[in-house]
Amino acid sequence: MRYLQGDEKQKSRQLWEHAFPEDSKEFADYYYQYKVIDNKILAEEDQGKIVSMIQRNPYKVVLKDREYAIDYIVGVATDSDYRRKGYMKRLLTRMMEDMYQEGMPFTFLMPAAEAIYYPFDFRYIYRQPEFTLDERAGQGIEFPAGNMGDRQAEEISEWMEKWLRKRWSIYTRRTKEYVKRLDQELASEKGSWKLYLTEEKGAFSLEAVQCLWGLKKKEQRLLYGEEGFSKPAGAGKPAIMARIIDLPKLAGHICLSKECPYDQLEVKIGIKDQFLPQNHGTWIWSLHKKGSSMKKLSGTIETDSSCDTVDIGAFCQWIFGYTGDQEGSLLPEWKKWIQTLSGVFLDEVV
């Protein structure tokens, strides 16, 4: 088991195409030209053949008032002749340990099936919102993807960043480089951009950005718009699962709610984590109105009545403020005074 280096990453394309036959050749060309430049591919080999892999694609993720380097997991695949032999479990376990050593608070992925990742304590934290154009938007200005210049990419990235910051507290940073890579991603499926503008006294203001793609049938890749230009079209389906990597680092962003009658609150909590022993055990969680800290008491879970115990997966779903299918009664009475994370927006494809 090792990380592929440099041009070795291209060797994994054969397994990618074997595992994901639904992807077009053009999309795979894009991926192996652009995405593998700065990603990490953890693989297992048999006589020089890559038989199982996980790809870690790096993103800058805004988490409230901080920015972290966090990997988005894609390309989880095992050759059909090597399945049910524990390859994925070994890769995921090694990957989580490596991420912990690298200081990532969490990682995330878009699952092909929830059941694959559930045993590894990944849980849904994000529903993909659906947006549609409002009547005010008009026709927009459309141009093909694939040739975006630096100035235009910078203008679009700045607008996207501002749009996201106003609405969400957890999202991937939009930079000029992000937008230029997205432009190439769209171009792989003959996509296009549509910009919706308003004019006032000869000055134009960007009000909405829409991206379309699809070799056979054009579909909406994204739509970000100000009020009056886009509107919600549905609650959205569960889309992104996350896994806590560094428990105290993530929990440090949690605070007491404004309604809490206490300035400080200290609780004892047991966290069950079968894959990362650094998270498993009994903790003292000290919370105040601006944040919190966790101190580990022991690597075992105390069984006395003062210690409330929860699986790391259920804790993950609760701490991200995901509602709809949490696993039973998560925590006791004191949880009502805690302001969990909210405003998650993670709409990456790869």
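Here the structure is a predicted model, which means the values were calculated and not measured. (Residues numbered from 1 in each chain as written. Predicted model: local features only at pLDDT ≥ 70, side-chain atom pairs only at ≥ 80, totals over all residues. Heavy atoms only, no water.)

1. Comments concerning the nonpolar core
Okay, step 1: Membership of the largest hydrophobic core comes to 83 residues, with the highest contact counts inside it found for Met 160, Trp 193, Trp 285, Phe 315 and Phe 320.
Okay, step 2: Residues Tyr 3, Ile 54, Tyr 124 and Leu 276 belong to the second largest nonpolar core, which totals 21 residues. (Core = buried A, V, L, I, M, F, W, Y, C linked by side-chain atoms within 4.5 Å. Buried < 20%, exposed > 50% of the residue type's maximum accessible area, 1.4 Å probe, protein only.)

2. Things to note about the pattern of salt bridges
Okay, step 1: Scanning all chains against the criterion turns up 29 salt bridges.
Okay, step 2: Glu 155 is the partner of Arg 151 in a salt bridge, and the nearest nitrogen-oxygen pair spans 3.5 Å. Of this pair, Arg 151 and Glu 155 both sit in helix α5 (residues 150-167), four residues apart, roughly one helical turn.
Okay, step 3: A relative accessible area of 44% means that Glu 155 is categorised as partly exposed.
Okay, step 4: Residue Asp 304 is joined to Lys 268 by a salt bridge in which the shortest nitrogen-to-oxygen separation is 3.8 Å. A residue pair is termed long-range when its members are at least 10 positions apart, and Asp 304 in the loop between β18 (292-298) and β19 (307-311) and Lys 268 in strand β16 (residues 264-272) qualify at 36 residues. (Salt bridge = Lys/Arg side-chain N within 4 Å of Asp/Glu carboxyl O. Helix = DSSP H or I, 4+ residues; strand = E, 2+ residues; numbered from the N terminus.)

3. Side note on the sheet that holds β18
To summarise the sheet geometry, strands pair through backbone hydrogen bonds and adopt either a parallel or an antiparallel arrangement.
Okay, step 1: Read across the open sheet, the four strands follow the order β18-β17-β16-β19; overall the sheet is mixed. Two strands in the sheet have a free side with no partner beyond their single neighbour: β18 and β19. Taking the axes of each pair of neighbouring strands and ignoring which way they run, one obtains an average angle of 35° across the sheet.
Okay, step 2: Two elements, strand β17 (residues 281-288) and β18, share six bridges in a ladder whose sense is antiparallel. (Pairing = 2+ DSSP bridges. Axes fitted to C-alpha atoms, helices over the stretch in contact; angles between N-to-C directions.)

4. A short note on the packing of aromatic side chains
Okay, step 1: Tallied over the entire structure, the rule returns 25 aromatic pairs.
Okay, step 2: Their ring planes at 65° and their centres at 5.0 Å tell us that Trp 16 and Phe 20 sit as a pair that is edge-to-face.
Okay, step 3: Taken together through their ring pairs, the aromatic side chains of Tyr 59, Tyr 72, Phe 106, Phe 108, Tyr 178 and Phe 320 make up a single cluster.
Okay, step 4: The ring of Tyr 87 carries the charged tip of Arg 90 above its face, separated from the ring centre by 4.7 Å.
Okay, step 5: The lysine or arginine in question, Arg 221, covers the ring of Trp 213, its NZ or CZ lying 5.8 Å from the ring centre. (Phe/Tyr/Trp six-rings, centres within 6.5 Å; stacked < 30°, edge-to-face > 60°. Lys NZ or Arg CZ within 6 Å of the ring centre and 35° of its normal.)

5. Some words on the pairing of strand β3 (residues 49-63)
Okay, step 1: By the criterion of burial, β3 is predominantly enclosed, with twelve of the 15 residues buried.
Okay, step 2: As judged from the seven bridges shared by strand β2 (residues 40-46) and β3, these two strands associate in the antiparallel manner. Following the sheet pairing, Leu 42 is matched in β3 by Ile 54.
Okay, step 3: Hairpin geometry of β2 and β3 is characterised by an intervening segment of two residues between the two adjacent antiparallel strands and by a positive phi of about 55° at Gln 47.
Okay, step 4: Strand direction decides the pairing type here: β3 and strand β4 (residues 66-78), joined by eleven bridges, are antiparallel. Each bridged residue has a counterpart across the sheet, and for Ser 52 the counterpart in β4 is Thr 78.
Okay, step 5: A loop of two residues connects β3 with β4, the two strands running antiparallel in sequence, and Lys 64 in this loop sits at a positive phi of about 55°.
Okay, step 6: Examined bridge by bridge, β3 and strand β9 (residues 170-172) share three bridges and lie antiparallel to one another. When the sheet's bridge partners are listed, Val 62 is paired in β9 with Tyr 171.

6. What about the side chain of Ser 188?
Okay, step 1: Along the chain, Ser 188 turns up in the loop between α6 (176-187) and β10 (192-200).
Okay, step 2: For Ser 188, a relative accessible area of 8% puts it in the buried group.
Okay, step 3: Every residue in contact with Ser 188, bar those within four places of it in the chain, is listed here: Glu 26, Phe 27, Tyr 30 and Leu 215. (Contact = heavy atoms within 4.5 Å.)

7. Observations regarding the packing of helix α2 (residues 25-34) against α6
Okay, step 1: With their axes 8 Å apart at the nearest point, α2 and α6 run at an angle of 155° to one another. Comparing their axes, α6 and α2 come out roughly antiparallel. Touching Phe 27, Tyr 30 and Tyr 34 of α2 are Arg 181, Gln 184 and Glu 185, all from α6. (Parallel < 35°, antiparallel > 145°, perpendicular 65-115°, else oblique.)

8. Here we look at helix α8 (residues 312-319)
Okay, step 1: Burial analysis of α8 places eight of its eight residues in the buried class, which makes it a mostly covered element.
Okay, step 2: Of the positions making up α8, those classed as buried are Ile 312, Gly 313, Ala 314, Phe 315, Cys 316, Gln 317, Trp 318 and Ile 319.
Okay, step 3: At the C-terminal side of α8, Gly 321 shows a positive phi close to 70°.

9. Section: the sheet that holds β10
Okay, step 1: Ordered by their spatial adjacency, four strands build an open sheet running β8-β10-β11-β12, and the pairing between neighbours is antiparallel. Two strands in the sheet have a free side with no partner beyond their single neighbour: β8 (141-144) and β12 (219-225). Within this sheet the neighbouring strands show an average axis-to-axis angle of 25°, counted without direction.
Okay, step 2: Pairing geometry for β8 and β10, over four bridges, is antiparallel.

10. Here's the deal with the side chain of Ser 157
Okay, step 1: As for its position among the elements, Ser 157 is in helix α5.
Okay, step 2: Ignoring any residue separated from it by four or fewer positions in sequence, one finds Ser 157 in contact with Arg 174, Thr 175, Lys 176 and Val 179.

11. Topic: unusual backbone geometry
Okay, step 1: Of note, Gln 47 is a non-glycine position whose phi angle comes to about 55°, a positive value.
Okay, step 2: Examined against the element boundaries, Gln 47 turns out to sit in the loop between β2 and β3.
Okay, step 3: Since its relative accessible area comes to 81%, Gln 47 is described here as exposed.
Okay, step 4: A positive phi angle is found at Lys 64, which is not glycine, with a value near 55°.
Okay, step 5: Using a relative accessible area of 37% as the deciding quantity, one classes Lys 64 as partly exposed.

Purely geometric stuff here, so don't read any function into it on its own.
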